[in-house]
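A structural walkthrough
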Amino acid sequence: RLLESEQTVLAVIARPPRPVHRRRSERLEHSPMQRLAEERGVPLVMPDDINAPASVSLLRDFQADLLVVCDYGQILSNSALTTTRLGGINLHASLLPKYRGAAPINWAIYKGETTTGVTVIHMTPRLDAGPCLVQQSTAIAPTEDAVKLEARLAEMGAGAVEQAIAMLRGWDGHQPLGHIQDRSQVSRAPRLQKSHGVVDWSRSAQQIFDQVRAFKPWPGTYCQWTRPTGSLRLLLEQVRVERKDGTWGSPGVVLQATAEAATIACGRGTLQLVEIQPAGKRKMRIAEFLRGYPLKPGQVLGEPSPPHPTGSEK
């Protein structure tokens, strides 16, 4: 969007390519920003440390008016931010001060939020802590996953950045700009880890459904199925909340396994498995999975949980 605007993009600063390990080889993964800069002929810089003296000197040499930052992966120091006349703005995929951190989209869905948005802040050296220049909100659809939501927020964010630049164009550099974040409302969105994907069946069916949506495409949502032939990891690709309330059995217990559905008891309510992926295999619908894997009522997914009192839904 910036390349197509009246702004002059002096350079793209990207993280260096990261090695991607495969079974028999290792290759470098190039970021979309790197590819775009190369396609458009924009000068490209990929320092290991943006705050190193050599990197700060390089930024200063561009004599730019503004740094525009999004999902860069390093916190810019005060030295880096002061290399430009207007400092820097950062596009963040949440309604700050909620969900500061590396994975705001994922954690907003995981926590069951129904509304999110984008924020453009005037940057400070503290993580996502600067004054808010522009905020735009949007509803999270009940079945929307992190991949789809990210694509929508990216489109919103491009327009929000343009609005923020327009605000800065007439700024004198001294008067307060935007509104200060309420520190009492801060919540965190830490970087995702593989362990975050493990299913805790003692949570409610709705919470597990939200987890599946939140952790696409990585780390995914998965559990272990212990069989007489050994343990098998199951990735839950698509699930459906069957009952939201009530206790229907010990969490993780298989209540039903037919060609039509596999139903699992949760801490509250029940969840249907719609599409799953056994470790090392492709994704498959539940009917196909059950033809090859004898999942049966009474078996337990994940670690066994303490018995819960059974009862009917009220």
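Note: the structure precedes this text.
Scope of this entry: the structure provided in the associated data block.

Parameters at a glance
- Residues numbered from 1 in each chain as written.
- Predicted model: local features only at pLDDT ≥ 70, side-chain atom pairs only at ≥ 80, totals over all residues.
- Heavy atoms only, no water.
- Helix = DSSP H or I, 4+ residues; strand = E, 2+ residues; numbered from the N terminus.
- Buried < 20%, exposed > 50% of the residue type's maximum accessible area, 1.4 Å probe, protein only.
- Contact = heavy atoms within 4.5 Å.
- Areas by Shrake-Rupley, 256 points an atom, 1.4 Å probe, with all protein chains shown as cover.
- Lys, Arg positive; Asp, Glu negative; His and termini not counted.
- Charge placed at Lys NZ, Arg CZ, Asp CG, Glu CD.
- Salt bridge = Lys/Arg side-chain N within 4 Å of Asp/Glu carboxyl O.
- Expected span 1.5 Å × (residues − 1).
- Polar contact = N/O pair within 3.5 Å; in protein donor to acceptor, adjacent residues only side chain to side chain.
- Phe/Tyr/Trp six-rings, centres within 6.5 Å; stacked < 30°, edge-to-face > 60°.
- Lys NZ or Arg CZ within 6 Å of the ring centre and 35° of its normal.
- Disulfide = S-S within 2.5 Å.
- Pairing = 2+ DSSP bridges.
- Axes fitted to C-alpha atoms, helices over the stretch in contact; angles between N-to-C directions.

**Some words on the overall build of the protein chain**
Each helix and strand counted, the protein chain has seven helices and 14 strands in total. Overall, the protein chain is about 70 × 50 × 30 Å in size when its C-alpha atoms are taken along their principal axes. Looking at the 314 residues of the protein chain, the share that counts as buried comes to 43%. Taking as baseline every contact in the protein chain between residues at least 6 positions apart, the subset at least 24 positions apart corresponds to 64%. Accessible surface, the protein chain as shown: approximately 17200 Å² in total, 51% of it carbon and sulfur. Once the 38 positive and 30 negative side-chain charges of the protein chain are each reduced to a mean point, those two points are 7 Å apart.

**Things to note about the pattern of salt bridges**
Going through the model one piece at a time under the given rule, you end up with 13 salt bridges. Close ionic contact of E29 with R18 constitutes a salt bridge, the shortest N to O distance being 3.6 Å. Here the residue E29 occupies a position in strand β3 (residues 26–29), and R18 occupies one in strand β2 (residues 18–21), the gap between them amounting to 11 residues. The exposure class assigned to E29 is partly exposed, which follows from its relative accessible area of 37%. Salt-bridge contacts for E237 lead to K216; the nearest nitrogen and oxygen are separated by 3.1 Å. Placement of the pair is E237 in strand β10 (residues 230–243) and K216 in the loop between α6 (205–214) and β9 (222–227), with a sequence separation of 21 residues. Note on K216: relative accessible area 19%, which makes it buried. Members of the salt-bridge network, linked through shared partners, are R1, E155 and E162.

**So, helix α5 (residues 146–169)**
For α5, built from 24 residues, the straight-helix expectation of 34 Å at 1.5 Å per residue is met to within 8% by its first-to-last C-alpha distance of 34 Å. Its side-chain oxygen at 3.1 Å from the backbone nitrogen of V147, D145 defines the N-terminal cap of α5.

**Section: unusual backbone geometry**
Between K216 and the following residue, P217, the backbone shows a cis peptide bond with an omega angle of -5°. Along the chain, P217 falls in the loop between α6 and β9. P219 follows W218 through a cis peptide bond whose omega is 5°. Turning to its location among the elements, P219 is positioned in the loop between α6 and β9.

**Concerning the packing of aromatic side chains**
According to the stated counting rule, one finds five aromatic pairs in the structure shown. Between the aromatic rings of F289 and Y293, the centroid separation amounts to 4.7 Å while the plane-to-plane angle is 10°, which identifies the pairing as stacked. On the basis of relative accessible area, Y293 is assigned to the buried category, the value being 15%. Grouping aromatic residues by their ring pairs yields a cluster made of W107, Y110 and F215. Geometry around W248 places R243 over its ring, the cationic atom sitting 3.9 Å from the centre.

**Description of the state of the cysteines**
Under the definition given, this model contains zero disulfides. The closest cysteine sulfur to the non-disulfide-bonded C223 is located on C266, 11 Å from its own sulfur.

**Points about the sheet that holds strand β8 (residues 132–139)**
Spatial ordering of the open sheet is given by β5-β6-β7-β8, a layout of four strands whose pairing is mixed. Single-partner strands in this sheet number two, and they are β5 (67–70) and β8. Sheet twist, expressed as the mean angle between neighbouring strand axes with direction ignored, is 15°. Where β5 and strand β6 (residues 88–92) come together, four bridges link them in parallel fashion.

**Considerations on the side chain of T83**
On the secondary structure map, T83 appears in the loop between α3 (78–81) and β6. A polar side-chain atom of T83 sits 2.7 Å from the main-chain carbonyl oxygen of A80. Not counting residues up to four positions away in its chain, the partners in contact with T83 are V56, L59, R60, A64 and L67.

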